[in-house]
Amino acid sequence: MTKNPLFSTYARANLNFIRGEGAWLTTEDNRRFLDFAAGVAVNSLGHAHPHLVAALKEQADKVWHVSNLYEIPGQQKLAQRLCEATFADKVFFTNSGAESLECAIKTARRYHYANGQPDRYEILTFDGAFHGRTLATIAAGGQEKYLEGFGPKAPGFTSLAEPDIELVKQALSDRADKIAGVLIEPLQGEGGIREISPSFLKALRALCDETGSLLMLDEVQTGVGRTGKLFAYEWAQITPDLMAIAKGIGGGFPFGACLATGDVAEAMIPGTHGSTYGGNPLAMAVGNAVLDIVLEDTFLQKISDNGLLLKQKLAALADSYPDQIDSIRGQGLMLGIKCKQPPADLLAKLRDNGLLCVPAGDNVLRLLPPLTIGQEEIEVAISALNKSLAELQDDLSPEPSAS
Ligand SMILES: *Cc1c(COP(=O)(O)O)cnc(C)c1O
């Protein structure tokens, strides 16, 4: 066997998919899997969605890349649609979630700089957060396991222990003139589908208004319909000043965006930021096609309905397997099974039984199916879960021991 030429950064499962259709993936040796990972919340419309495939092929025949030296009509169109559907007035296109966060961080700092407060660059974040793997975003996430060995942590990020409004108040009253913004996922993904209460987000919005700090949302995972609203902030009836998105908006094509209010975006004058690939015509064609579907009349309601159905069925499983399941979390089609043990065994067992899921922090197994699933896929997933939990239960309760 030849040596693996890839960095060994990933612990990959030994599966090799060569085809996908809707929520299903097929391996080289013709095994089918129900995909409740969706490329970690990326394949929002499932695999090989005909409308996305057509949009990409059509653009591929025209022009792939021109750079931001020139006009890109697809950017204008997609930005316009994103602004009409959200709080935002301005959009910057990127290639990934972390780059969208980088743009949000730079924009927040530059906003205060432009307003005569160059020392106001600190960003408050929260324990359990995940904002990406660049040097700034690992500092923002604050997790030791991602920071270790990469030199000094980028300055200007302070992680608060909990989404507790008193903690934020304290930090802001101590040094409001240093704090550029507060960055938060409205529902923590990698951290373990940890819910943030709407009342906290409302209080946070009010506190940011009082102190002039910017409210910065990371909706890279929660955005574009995942929780049953176009963006999760809508559940709390607030709006942010800055928002990072990616994952679902590309439906599998790698791109992201940073959205901002007009006031805030104004600080980013010509030359302050850029990206070679960001907003490339192929990405824009796919992004516009994703929005065609997600903005259809009943699309979001169906996510809420199916999410609720799935959550109820998961709650019933939690009742049946109290030795293994602690509780069910999340909203829409961003759900978590909080397990009593690390979920690695359950994840492997599910894979054996044809269901793909994703682990997360806090002993949580994440379910992130394509947003297009229906009752049939939900039934298949629940029966794979039931079978896997039953098999693990047999291992948990062995013959009474002799001693
Ligand atoms: C995935 C994710 C990121 C990072 O996105 P990349 O595209 O991997 O850079 C950032 N924030 C959240 C909430 C995410 O889920």
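What counts and how
- Residues numbered from 1 in each chain as written.
- Predicted model: local features only at pLDDT ≥ 70, side-chain atom pairs only at ≥ 80, totals over all residues.
- Heavy atoms only, no water.
- Helix = DSSP H or I, 4+ residues; strand = E, 2+ residues; numbered from the N terminus.
- Rg over C-alpha atoms; globule rule 2.2 N^0.38 Å.
- Buried < 20%, exposed > 50% of the residue type's maximum accessible area, 1.4 Å probe, protein only.
- Contact = heavy atoms within 4.5 Å.
- Near = heavy atom within 4 Å.
- Polar contact = N/O pair within 3.5 Å; in protein donor to acceptor, adjacent residues only side chain to side chain.
- Areas by Shrake-Rupley, 256 points an atom, 1.4 Å probe, with all protein chains shown as cover.
- Nonpolar A, V, L, I, M, F, W, Y, C, P; charged D, E, K, R; others polar.
- Pairing = 2+ DSSP bridges.
- Axes fitted to C-alpha atoms, helices over the stretch in contact; angles between N-to-C directions.
- Expected span 1.5 Å × (residues − 1).
- Salt bridge = Lys/Arg side-chain N within 4 Å of Asp/Glu carboxyl O.
- Phe/Tyr/Trp six-rings, centres within 6.5 Å; stacked < 30°, edge-to-face > 60°.
- Parallel < 35°, antiparallel > 145°, perpendicular 65-115°, else oblique.
- Left-handed = near helix turned anticlockwise from the far one by under 90°.
- Domains from an automatic or database assignment.
- Buried area = accessible area lost by both parts, 1.4 Å probe.

## Some remarks on the overall build of the chain
Working step 1: A count of helical and extended segments in the chain gives 13 helices and 17 strands.
Working step 2: By the compact-globule yardstick of 22 Å for 403 residues, the chain fits well, its C-alpha radius of gyration being 22 Å.
Working step 3: Along the first, second and third principal axes, the C-alpha atoms of the chain reach 75 × 55 × 50 Å.
Working step 4: Within the span of the chain, comprising 403 residues, buried residues form 51% of the whole.
Working step 5: Counting only contacts in the chain whose residues sit at least 6 apart along the sequence, the fraction spanning at least 24 positions is 74%.

## Description of the site of the ligand
Working step 1: In the region of the ligand, the neighbouring residues are Ser96, Gly97, Ala98, Phe130, His131, Gly132, Glu185, Asp218, Val220, Gln221 and Lys247.
Working step 2: Contacts to the ligand include Phe130, whose backbone N or O atom sits 3.2 Å from a nitrogen atom.
Working step 3: In this structure, an oxygen atom belonging to the ligand sits 2.7 Å away from a side-chain N or O atom of Gln221.
Working step 4: Within the complex, the protein chains bury 81% of what would otherwise be the 380 Å² of accessible surface of the ligand.
Working step 5: Per-class residue counts for the shell around the ligand are three nonpolar, five polar and three charged.

## So, the sheet that holds strand β17 (residues 364-367)
Working step 1: An order of β13-β14-β17-β16 is seen for the four strands of this open sheet, with the pairing classed as antiparallel. Since the sheet does not close on itself, it has two edges, and those belong to β13 (325-331) and β16 (358-360), each with one partner. With direction set aside, neighbouring strand axes in the sheet form an average angle of 30°.
Working step 2: Across six bridges, β13 lies against strand β14 (residues 334-339) in antiparallel orientation. Each residue of the ladder has a partner; that of Gln331, found in β14, is Met334.

## So, helix α10 (residues 281-294)
Working step 1: For α10, with 14 residues, the first-to-last C-alpha span of 20 Å sits near the 20 Å given by 1.5 Å per residue.
Working step 2: The element α10 is largely enclosed, with a buried count of 13 among its 14 residues.

## Regarding the pattern of salt bridges
Working step 1: In this structure the tally under the stated criterion is 14 salt bridges.
Working step 2: In this structure, Glu190 and Arg366 form a salt bridge, with 3.1 Å as the shortest nitrogen-oxygen distance. Taken together, the residues Glu190 in the loop between β8 (187-188) and β9 (194-195) and Arg366 in strand β17 connect sequence positions 176 residues apart.
Working step 3: Residue classification places Glu190 among the partly exposed residues on the basis of a relative accessible area of 22%.
Working step 4: For Arg366, a relative accessible area of 1% puts it in the buried group.
Working step 5: Shared partners join several salt bridges into a network, and the residues in it are Arg205, Asp209 and Asp241.

## Points about the sheet that holds strand β2 (residues 24-27)
Working step 1: Pairing is mixed in the open sheet, where four strands are placed in the order β1-β2-β3-β15. Two strands lie at the open edges of the sheet, namely β1 (17-21) and β15 (355-356), each paired on one side alone.
Working step 2: Pairing of β2 with strand β3 (residues 32-35) involves three bridges; the strand directions are antiparallel. Opposite Thr26, over in β3, you have Arg32 as the bridge partner.

## What about the packing of aromatic side chains?
Working step 1: One pass over the full model with this rule turns up six aromatic pairs.
Working step 2: Look at Phe17 and Phe33: their rings are 5.7 Å apart centre to centre, the planes differ by 80°, and that puts the pair in the edge-to-face class. With a gap of 16 residues between them, Phe17 in strand β1 and Phe33 in strand β3 connect regions that are remote in the sequence.
Working step 3: A relative accessible area of 31% means that Phe17 is categorised as partly exposed.
Working step 4: For Phe33, a relative accessible area of 4% translates into the label buried.
Working step 5: Ring centres of Phe231 and Tyr233 lie 6.3 Å apart, and the angle between their planes is 5°; on these two criteria the pair is classed as stacked.

## Description of the packing of helix α3 (residues 73-85) against α10
Working step 1: Packing of α3 against α10 brings their axes to within 9 Å, and their N-to-C directions diverge by 30°. With respect to each other, α3 and α10 are oriented roughly parallel. Viewed along their axes, α3 and α10 form a crossing whose handedness is left-handed. Across from Gly74, Gln75, Lys77, Leu78, Arg81 and Leu82 in α3, the residues of α10 making contact are Met284, Gly287, Asn288, Leu291 and Asp292.

## Some points on helix α4 (residues 97-114)
Working step 1: Its 18 residues give α4 an end-to-end C-alpha distance of 25 Å, which sits within 8% of 26 Å, the value for a rise of 1.5 Å per residue.
Working step 2: Inspection of α4 places Gly97, Ala98, Ser100, Leu101, Cys103, Ala104, Ile105, Thr107, Ala108, Tyr111 and His112 among the buried residues, and these make up the whole buried set.

## Considering the domain arrangement of the chain
Working step 1: Per the domain assignment, the segments of the chain are domain 1 (17-41 + 306-395) and domain 2 (50-294).
Working step 2: Summarising the inter-unit geometry, the C-alpha centres of domain 1 and domain 2 are found 28 Å apart.
Working step 3: Contacts between the two partners involve 20 residues from domain 1 and, on the opposite side, 19 residues from domain 2.
Working step 4: For the pair domain 1 and domain 2, the summed buried area comes to about 1500 Å², and 57% of that belongs to carbon and sulfur atoms.
Working step 5: When the buried area of domain 1 at its contact with domain 2 is split by residue, Ala41, Gln331 and Met334 rank highest and sum to 41% of it.
Working step 6: In this structure, the connection of domain 1 to domain 2 is made through one salt bridge.

## Quick look at the environment of Ile293
Working step 1: Summarising the element assignment, Ile293 is placed in helix α10.
Working step 2: Classification of Ile293 as buried rests on a relative accessible area of 11%.
Working step 3: Separated by 241 residues in the primary sequence, Ile293 and Leu52 place their C-alpha atoms 9.5 Å from one another.
Working step 4: In contact with Ile293, other than residues within four places in its own chain, are Leu45, His49, His51 and Phe299.

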